[in-house]
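# Examining the three-dimensional arrangement
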Amino acid sequence: MSFEETVRTHAADLYRYAYWLARDHAQAEDVVQEALLRGWRAFPRLRERAAAKAWLFSIVRNEYLRAAGNRAPDAETLDGLEIADERPELFGLEMRDALAALPASYAEPLALQVLGGFSCAEIADMIGATEGATMTRLTRARQALKRLVAPREHKAGRT
Amino acid sequence: MNCLDYRRQLLCGTGETDGMRVHRLQCAGCASEWQEQAAFEGALRAGLEVPVPAGFGERMANAQVARRRRFLAVAATALVAAGAGGYAWLARQDPLALANIDFVMKEEANSIMMGAIPHAEAQAALAATLPLDRLEGLGQVKHVRPCPFNGATAYHVVLMVPQGKVSLLVMPSTRIRGRHHAEKEGMHAEVMPAGNGSVGVIGIDAAVVDSVAGALKA
């Protein structure tokens, strides 16, 4: 598959992944553009063309980190969301708003898993975490989302 | 597998293994949980799939095509420029002048070691091509000796001029038209017609070579 075809196939998911890193549409587009420029230069040296998708996601991640001053998303705790028990306005959110409320360090592995279709081991490799830590983040992210999108009455019933 | 394990694995989003499936088919509570989770995963995917700008994929792919075209155009331009430059460089490299440089680099030391021929003999040998007194008008003739060159006999001359040393190769049997130049490994040579043959001026300093060649032509 040529680089153009590879780009055509994965551009949308690369954009969405960049969006969940940057949380900004314009920045996501810039990040993907720059990443594809780097990818285009390096593509002839890519030995396993089958790995092109994971490779492009990694370039997008690196490009985002470069643009953000090499700051990887902190492995923030979900404490902020847990204390939201006292902030009922955060409950009953639409899924996208709930995702936006999730720390980047939790949203990123979710995006890689759901949008990219990568395994826990692959995600761990991409974000530089252990497989166990990655599974924990994925689980906790889903738990937090479930609580955030739960209906307000359901939340009210719990308090 | 128990219910706790099943639900824990389900929350990872890694999909259902055979072992999990067996458990679900036997456990109504986990079957219900699985259905709920499937709905959640659908909503999660929909949430993550933020709208992508219209035509983004096509635009990005076309940018790569345009980039490749630009790259090829630049590469082709560079190739043409390099070719033209190389041709111009080669065009400046006259083969006879290059042979003169090669002679000085490889044979000059031998010629000097063999010793100069007597002045009168040199005068007679050079008379028809480049009279010795013309050379003596330019500087001090330190050495004259016949040497085989290009299948004929040429006369190797070492001339000291005020600006430094130059070598000359007087070639009575080589006729050429116009003045030609070559440079190689830091040496410069000018060849030009002289009397019934030609002469080459060879040296390290291009300005000195040019100056001596100019004086001889005059």
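Residues numbered from 1 in each chain as written. Chains lettered and ligands numbered in written order. Predicted model: local features only at pLDDT ≥ 70, side-chain atom pairs only at ≥ 80, totals over all residues. Heavy atoms only, no water.

In this section: the overall build of chain A. Looking only at helices and strands, one finds 9 helices and 0 strands in chain A. Moving toward the C terminus, one meets the helices and strands of chain A in the order α-α-α-α-α-α-α-α-α. Here chain A holds 159 residues, and 50% of them are scored as buried. Of the contacts made within chain A by residues no fewer than 6 positions apart, 70% connect residues no fewer than 24 positions apart. Summing over all exposed atoms, chain A offers an accessible surface of approximately 7,600 Å²; the carbon and sulfur share of this is 48%. (Helix = DSSP H or I, 4+ residues; strand = E, 2+ residues; numbered from the N terminus. Buried < 20%, exposed > 50% of the residue type's maximum accessible area, 1.4 Å probe, protein only. Contact = heavy atoms within 4.5 Å. Areas by Shrake-Rupley, 256 points an atom, 1.4 Å probe, with all protein chains shown as cover.)

Our focus in this paragraph is the domain arrangement of chain A. Residues and elements named next belong to chain A. Once the domains are mapped, chain A shows domain 1 (3–67) and domain 2 (79–158). The interface of domain 1 with domain 2 comprises 11 residues on the first partner and 15 residues on the second. Carbon and sulfur atoms supply 64% of the area that domain 1 and domain 2 bury against each other, a total of about 1,200 Å² over both sides. Of all residues in domain 1, Trp20, Arg23 and Arg61 bury the most surface against domain 2, accounting for 49% of the area lost on that side. Remark: the boundary between domain 1 and domain 2 carries 1 salt bridge. Two residues, glutamate 108 and arginine 61, come together in a salt bridge whose shortest N-O distance is 2.5 Å. (Domains from an automatic or database assignment. Buried area = accessible area lost by both parts, 1.4 Å probe. Salt bridge = Lys/Arg side-chain N within 4 Å of Asp/Glu carboxyl O.)

Residues and elements named next belong to chain B. Here alanine 194 lies in strand β5 (residues 187–194). Put simply, alanine 194 and isoleucine 117 are 77 residues apart on the chain and 21 Å apart in space, counted from C-alpha to C-alpha. Beyond its immediate chain neighbours, meaning those up to four positions away, alanine 194 contacts Thr129 and Val199.

Following the sequence through the fold, arginine 16 of chain A ends up in helix α1 (residues 3–22). Taking the relative accessible area as the measure of exposure, arginine 16 of chain A reaches 16% and is therefore buried.

In this fold, histidine 25 of chain A is placed in helix α2 (residues 25–42). Separated by 92 residues in sequence, histidine 25 of chain A and glycine 117 of chain A place their C-alpha atoms 22 Å apart. Aside from chain neighbours lying at most four places away, what touches histidine 25 of chain A is Tyr15 and Tyr19 of chain A together with Val50 and Pro51 of chain B.

All names here are of chain B. Within the secondary structure layout, aspartate 102 lies in helix α5 (residues 95–114). Look at aspartate 102 and you get partly exposed, because its relative accessible area is 22%. When the C-alpha atoms of aspartate 102 and alanine 127 are compared, they prove to be 25 Å apart, with 25 residues separating the residues in sequence. Not counting chain neighbours up to four residues away, the residues in contact with aspartate 102 comprise Glu107 and Lys184.

In this section: the nonpolar core. Ranked by internal contacts, the top residues of the largest apolar core, which has 57 residues, are Leu99, Leu102 and Leu145 of chain A together with Leu44 of chain B. Among the elements that line this core, the one with the most residues is α1 of chain A, at 11 residues. The contacts of leucine 145 of chain A, once residues within four sequence positions are left out, are Met95, Ala98, Leu99, Leu102 and Leu110 of chain A together with Phe40 and Leu44 of chain B. (Core = buried A, V, L, I, M, F, W, Y, C linked by side-chain atoms within 4.5 Å.)

Turning next to the pairing of strand β4 (residues 180–184) of chain B. Residue and element names in this part refer to chain B. Here 5 bridges tie β4 to β5, and the two strands are oriented antiparallel to one another. Pairing of glutamate 183 across the sheet is with histidine 188, part of β5. Linkage of β4 to β5, two consecutive antiparallel strands, is achieved through a turn of 2 residues, within which glutamate 185 is found at a positive phi near 45°. (Pairing = 2+ DSSP bridges.)

Residue and element names in this part refer to chain B. You can see serine 111 is positioned in helix α5. Its relative accessible area of 3% is what places serine 111 among the buried residues. Of the polar contacts made by the side chain of serine 111, one reaches the side chain of histidine 156; its length is 2.7 Å. Leave out the neighbours within four places in its chain, and serine 111 touches His143, Arg145, Cys147 and His156. (Polar contact = N/O pair within 3.5 Å; in protein donor to acceptor, adjacent residues only side chain to side chain.)

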